[in-house]
Structures are given as structure tokens and as C-alpha cells.
Amino acid sequence: IADPRNRAVAAVHSGWRGTVLEIAPQTVRAMQDRFGSRPEDLVVVVGPGIGGCCFEVGPEVAEQFGRSGRTKIDLVETVRRQMGRNDGAPRQFASADLCTFCRIDLFHSYRRDREAAGRMVSVIGIRE
């Protein structure tokens with residue numbers, strides 16, 4: 001999440017637990033409090049992660065999303081909806097739309113590879 005006007009950034013990991021807890025909208029509120037950010041000035045970009053195509057969950061997780069049984073959850077779409085209804089929508093919302101589970105040629109995935117999985121790093125910043 002970047003606020004170019006106030007030159008503030010936040011790197012947020014929103015797995016299923018963070019998404020259920022609405023970590024992205026909470027981060028926007030924290031940026032408002034700390035930096036004076038306005039939601040309409042923010043740029044939100046979701047990097048690669050497990051996609052709705054591959055993120056199958058059991059009933060105990062599905063229930064957290066208002067669903068039942070084994071189902072697939074689209075975390076990016078859930079975060080997009082959360083951002084649109086909490087204290088105003090960001091100026092721009094974009095997603096890499098790259099699934100780390102099915103794109104074995106590009107990404108590591110603990111869910112797919114277990115202990116053999118490598119690690120990934122994400123970076124956010126604002127250029128001069």
C-alpha cells in the first residue's frame with residue numbers, strides 16, 4: 001500500500017487469517033492515523049500469491065469466509081471488496097494475478113512443495 005502524496009508505504013501479508021481479520025483495511029486506518037493518508041490517495045498492489053484457482057480450504061476455514069464445506073477462496077477478490085467498503089476505496093487497486101501454486105516455473109510455494117519450498121521476498125518503496 002503506497003501513499004505517494006505523503007510518501008508513506010506499508011508492506012502487508014494477507015494470508016487467509018490476515019484477510020479474515022481485514023488486515024489491509026486496518027493498515028489503511030493505521031496509515032490515516034500515523035501519516036494522514038487518505039484512502040483516495042492510496043495505491044494498493046497485491047503481489048503474487050496463491051490464487052482462487054488453487055486455494056482450496058476445508059470447512060473450518062471456509063466458515064471464516066461465510067462459506068461451507070470444502071471450497072476455493074479468492075483472497076485477492078476478498079481484499080478488493082474489503083478495501084472498497086472500508087473508509088473509502090483506494091485510488092488504484094491492482095493485482096499481479098500470478099498464482100504461486102500453479103506457476104511452478106516462477107514461484108516457490110510451501111503449500112505445493114512443503115519442506116522443499118524456497119523463500120520469496122517482496123519490496124515496496126517510493127522513488128524520488
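Each value, and the rule that gives it
Residues numbered from 1 in each chain as written. Predicted model: local features only at pLDDT ≥ 70, side-chain atom pairs only at ≥ 80, totals over all residues. Heavy atoms only, no water. Helix = DSSP H or I, 4+ residues; strand = E, 2+ residues; numbered from the N terminus. Buried < 20%, exposed > 50% of the residue type's maximum accessible area, 1.4 Å probe, protein only. Polar contact = N/O pair within 3.5 Å; in protein donor to acceptor, adjacent residues only side chain to side chain. Contact = heavy atoms within 4.5 Å. Salt bridge = Lys/Arg side-chain N within 4 Å of Asp/Glu carboxyl O.

Student: How do you make sense of the environment of Gly47 when you look at a structure like this?
Tutor: When you line up the elements, Gly47 lands in the loop between strand 3 (43-46) and strand 4 (56-57). The class of Gly47 is partly exposed, set by a relative accessible area of 38%. As a C-alpha pair, Gly47 and Thr71 span 24 residues in sequence and 23 Å in three-dimensional space.

Student: Explanation requested: the side chain of Ser109 in the structure shown.
Tutor: Of note, Ser109 is situated in the loop between strand 6 (92-95) and helix 5 (110-113). In terms of polar contacts, Ser109 uses its side chain to reach the backbone amide nitrogen of Arg112, at 3.2 Å. Dropping the residues within four chain positions of it, Ser109 is found in contact with Thr100, Phe101, Arg114 and Ala117.

Student: Any chance you could explain the pattern of salt bridges here in plain terms?
Tutor: For side chains of opposite charge, pairing can occur when their charged atoms come near one another. A full pass over the atoms with the stated rule returns seven salt bridges. Asp41 is the salt-bridge partner of Arg5, the closest N and O atoms lying 2.6 Å from each other. In this pair, Arg5 is assigned in the loop between strand 1 (2-3) and strand 2 (8-9) and Asp41 in the loop between helix 2 (23-35) and strand 3, connecting sequence segments 36 residues apart. Classification of Asp41 as buried rests on a relative accessible area of 12%.

In short, the description is geometric, and any link to function would need to be established separately.
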